[in-house]
Amino acid sequence: MGFINPFQIYSKGENTITNNILLLLSNLYRINPKIYELFINSVLPENINYEVIPVFTQQKSQKEGGIIDGYIQTKATKIIIETKIAGLDNTKKLINYCKNENLSETNILIHISDSTFDETTIKSINQRIGIYNFNFVSITFSELISSLQEIADEYPFNEELYRLSKDFYYYCSSMGLIKNVFRIVPCNKSFELNEKYHLYFQPESRGYSNHQFTGIYTAKEVKYIGKINKVFLAELTKEGKLITEKISGNVEITSEEENRIISTIKEFPEIYGYGDISKGHIFFLFDDNDFCPTEFKKTSKYGLLGSRFFDLKLDLEIENVERLSTLEIAEKLNDITW
């Protein structure tokens, strides 16, 4: 696979995770300080307002000394980030972090893991660090990614922001920091082939990250959800022979699955109007009983320009995902919008 990710996907450990989160934040700031500010505020509760953009004021009144002609102010803020690969940190350690800091106007402690503290514990921590003028926030990697994607949706023509969002998702997915991943993909004209042959295909250059479910999207709605059975890189030779390389799946490709891929490759130019997918494409295959119709509507503005990712349990609040059939998940998505 030729896909290159700027985040370290071959290194493990919480130091690497923290480094990559800081890399994400620094890149957001470099792309646009306002985008960085929006992203930080998106993971904070409403009672905390993070400001990084200077406020420019003309003719500012004072209690004494008259009126200032021009006034520029930037709020002093300190953010502490604590990451955990899995589970939760010792609360005493978190509280001690706040004791040892020189305080700014706004002070925030953010804990990032695969799970969050319960509301009672969060309230208790906030009470104990409140005397140090700190606020505590507990979020998951999934929530971090979801907030990043929502910000990217607000700037649909910022290619660098979209790429950063996608790269960070691939990193978190590759490291197992997010689970129950539901990847929504825009299909447009190829929707007919996806529906007919129960598969999804994409150029190899887009890379691959492990995920459980794929959403087939068109016309501002996910029409099908498929639980991925196998993933193959495929090439159809001029002689009509299909050559495959397994990317994911426990068993080899069947003749029936090969025929589905071959039919998709041959029919693609007719359906799409042009193009050749006979080589350099990845095919995601779904079993018949794991490719189910749904009506998961996109009610937010704009269409879907690229892939979108959700954690079915944490983002969409679908309980017991591990024990549900694909059909049951599809039925639950009928009652949710995004």
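Residues numbered from 1 in each chain as written. Predicted model: local features only at pLDDT ≥ 70, side-chain atom pairs only at ≥ 80, totals over all residues. Heavy atoms only, no water.

Moving on, we come to the confidence of the model for the protein. Here the protein averages 88 in pLDDT, and 96% of its residues register 70 or above. Least confident of the elements in the protein is strand β1 (residues 55-61), whose mean pLDDT is 78; most confident is helix α9 (residues 326-333), at 96. (pLDDT = per-residue confidence, 0-100. Helix = DSSP H or I, 4+ residues; strand = E, 2+ residues; numbered from the N terminus.)

With that settled, consider the nonpolar core. The biggest cluster of nonpolar side chains holds 38 residues, and the ones touching the most others in it are Ile21, Leu24, Leu28, Phe39, Leu44, Leu144 and Phe168. For this core, the secondary structure elements donating two or more residues are α1 (14-31), α2 (33-42), β4 (106-113), β5 (134-140), α5 (141-154) and α6 (159-174). Take this core: its biggest share by element is 7 residues, from α6. Residues contacting Ile21, with those up to four places away along its chain left out, are Ile81, Thr83, Ile112, Phe141, Leu144 and Phe168. With 20 residues, the next largest nonpolar core counts Cys292, Ile329, Leu333 and Ile336 among its residues. (Core = buried A, V, L, I, M, F, W, Y, C linked by side-chain atoms within 4.5 Å. Buried < 20%, exposed > 50% of the residue type's maximum accessible area, 1.4 Å probe, protein only. Contact = heavy atoms within 4.5 Å.)

So, about the layout of surface pockets. What the largest pocket holds in volume is close to 420 Å³. Lining the largest pocket are 19 residues, with Pro186, Tyr200, Pro203, Arg206 and Tyr272 sitting closest to its centre. Elements supplying a minimum of two residues to the lining of the largest pocket: α6, β6 (181-186), β7 (199-203) and α8 (255-272). Tallying contributions element by element places β7 first for the lining of the largest pocket, with 4 residues. Split by residue class, the lining of the largest pocket holds 10 nonpolar, 6 polar and 3 charged. (1 Å grid on protein atoms, 1.4 Å probe; cavity = no way out; pocket = protein on both sides within 12 Å on 5 of 7 lines; lining within 4 Å. Points joined across faces, edges and corners; volume = space filled by probe spheres on them. Nonpolar A, V, L, I, M, F, W, Y, C, P; charged D, E, K, R; others polar.)

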